[in-house]
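If you want the building blocks of each chain, they are given just below.
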Amino acid sequence: MTDDKDVLRDVWFGRIPTCFTLCQDEITEREAEPYYLLLPRVSYLTLVTDKVKKHFQKVMRQEDISEIWFEYEGTPLKWHYPIGLLFDLLASSSALPWNITVHFKSFPEKDLLHCPSKDAIEAHFMSCMKEADALKHKSQVINEMQKKDHKQLWMGLQNDRFDQFWAINRKLMEYPAEENGFRYIPFRIYQTTTERPFIQKLFRPVAADGQLHTLGDLLKEVCPSAVDPEAAAVIHLYSQLKHPNHLHPRKLNNSSACSSKHDYKLFGAFLKG
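In this text, all values refer to a predicted model and were calculated from it rather than measured experimentally.

J.: So what exactly am I meant to see when it comes to the side chain of Thr214 here?
T.: Residue position: Thr214 is located in the loop between β7 (198-199) and α9 (215-222). By relative accessible area, which is 13% here, Thr214 ends up buried. There is a polar contact of 3.3 Å between the side chain of Thr214 and the backbone nitrogen of Gly216.

And the structure:
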């Protein structure tokens, strides 16, 4: 399952062509040219945009610069969501490049968490890893790792090093053959509704009769009105498309109730931990 490196590499190296433009309300000393970047789907905005920040700060006065934040068509972009998830939720039907607006003032306190440093991103990332392993292995694997292993996972993500990351992450993806799967599949179904941004509950990868559950089974469990199950076993999808250690299907429409299989698209940016 975890040996399918071609799929894992395709997921890891997925990129989104992106155009960053400075908000017209920002005060500049000269015209700010757009900045283009290929964003890794499996990373976080505040982790991979140092060059964007430096590019726009060159045309601004220091006193006009505060915490950077990003917005797409009026929606502030949550830095603690993976980049691929943000794109799939908000812009997957739009033409490329993805056009993101950059701000240095008027931070939207009600919509975004502050990200004071990369330490905050690391803490969030490791929290997700630990939550996922609690569901899969009762935290046994992550707790048995040494601190240097945790650091290698983080550095692999931060530096976009596939082999460095998976040298450790493979341990989190293993289970005894006789168990035929993890205890539960870590997953979140994301919605664009603000009152409940995602759905999450306990879901076993194997049915009582020993059959592997499919993605369709998961959707019917979480949203009973979802029909026509997909054929792929959810444990196989999870092993190849998760991030970080969570499978992230996303809901396409804005209604609070699930309607059919066509309202879902599996966010395939997931790989990690």
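J.: What is the right way to read empty space enclosed by the protein from this model?
T.: If you roll a probe as big as a water molecule over the atoms, it shows you where there is empty space left. Tallied over the entire structure, the rule returns 2 cavities of 30 Å³ or more. Put simply, the largest cavity is a space of about 70 Å³. Partitioning the lining of the largest cavity into residue classes produces 9 nonpolar, 1 polar and 1 charged.

J.: Help me out: how do you make sense of the layout of surface pockets in this one?
T.: Its volume calculated, the second largest pocket comes out at about 230 Å³. Taken together, Thr46, Thr49, Asp50, Lys53, Glu67, Ile68, Cys115, Pro116, Ser117, Lys118 and Ile121 make up the lining of the second largest pocket. Secondary-structure elements contributing two or more residues to the lining of the second largest pocket are α3 (50-57) and α5 (118-137). The residue makeup of the lining of the second largest pocket, split by class, is 4 nonpolar, 3 polar and 4 charged.

J.: Mind showing me how you'd approach a positive patch on the surface here?
T.: Positive charge collects at one region of the surface, where Arg30, Lys51, Lys54 and Lys58 lie side by side. When you line up the elements, Lys54 lands in helix α3. On the basis of relative accessible area, Lys54 is assigned to the exposed category, the value being 57%.

J.: Whenever I open this one, unusual backbone geometry confuses me. Can you help?
T.: As a rule of thumb, non-glycine residues mostly have phi less than zero, and peptide bonds are mostly trans rather than cis. Geometrically, the link from Leu96 to Pro97 is a cis peptide bond, its omega value of 5° lying close to zero. Within the secondary structure layout, Pro97 lies in the loop between α4 (83-90) and β5 (98-103). At Glu73, a position not held by glycine, the phi torsion is positive, near 50°. Structurally, Glu73 is set in the loop between β3 (69-72) and β4 (75-76). One non-glycine residue, Ser139, lies in the positive phi region at around 70°. By the secondary structure assignment, Ser139 is in the loop between α5 and α6 (140-144).

The rules we used
- Residues numbered from 1 in each chain as written.
- Predicted model: local features only at pLDDT ≥ 70, side-chain atom pairs only at ≥ 80, totals over all residues.
- Heavy atoms only, no water.
- Helix = DSSP H or I, 4+ residues; strand = E, 2+ residues; numbered from the N terminus.
- Buried < 20%, exposed > 50% of the residue type's maximum accessible area, 1.4 Å probe, protein only.
- Polar contact = N/O pair within 3.5 Å; in protein donor to acceptor, adjacent residues only side chain to side chain.
- 1 Å grid on protein atoms, 1.4 Å probe; cavity = no way out; pocket = protein on both sides within 12 Å on 5 of 7 lines; lining within 4 Å.
- Points joined across faces, edges and corners; volume = space filled by probe spheres on them.
- Nonpolar A, V, L, I, M, F, W, Y, C, P; charged D, E, K, R; others polar.
- Patch = residues over 30% accessible without salt bridge, like charges linked within 9 Å, V, L, I, M, F, W, Y side chains within 5 Å.
- Areas by Shrake-Rupley, 256 points an atom, 1.4 Å probe, with all protein chains shown as cover.
- Salt bridge = Lys/Arg side-chain N within 4 Å of Asp/Glu carboxyl O.
- Lys, Arg positive; Asp, Glu negative; His and termini not counted.
- Charge placed at Lys NZ, Arg CZ, Asp CG, Glu CD.

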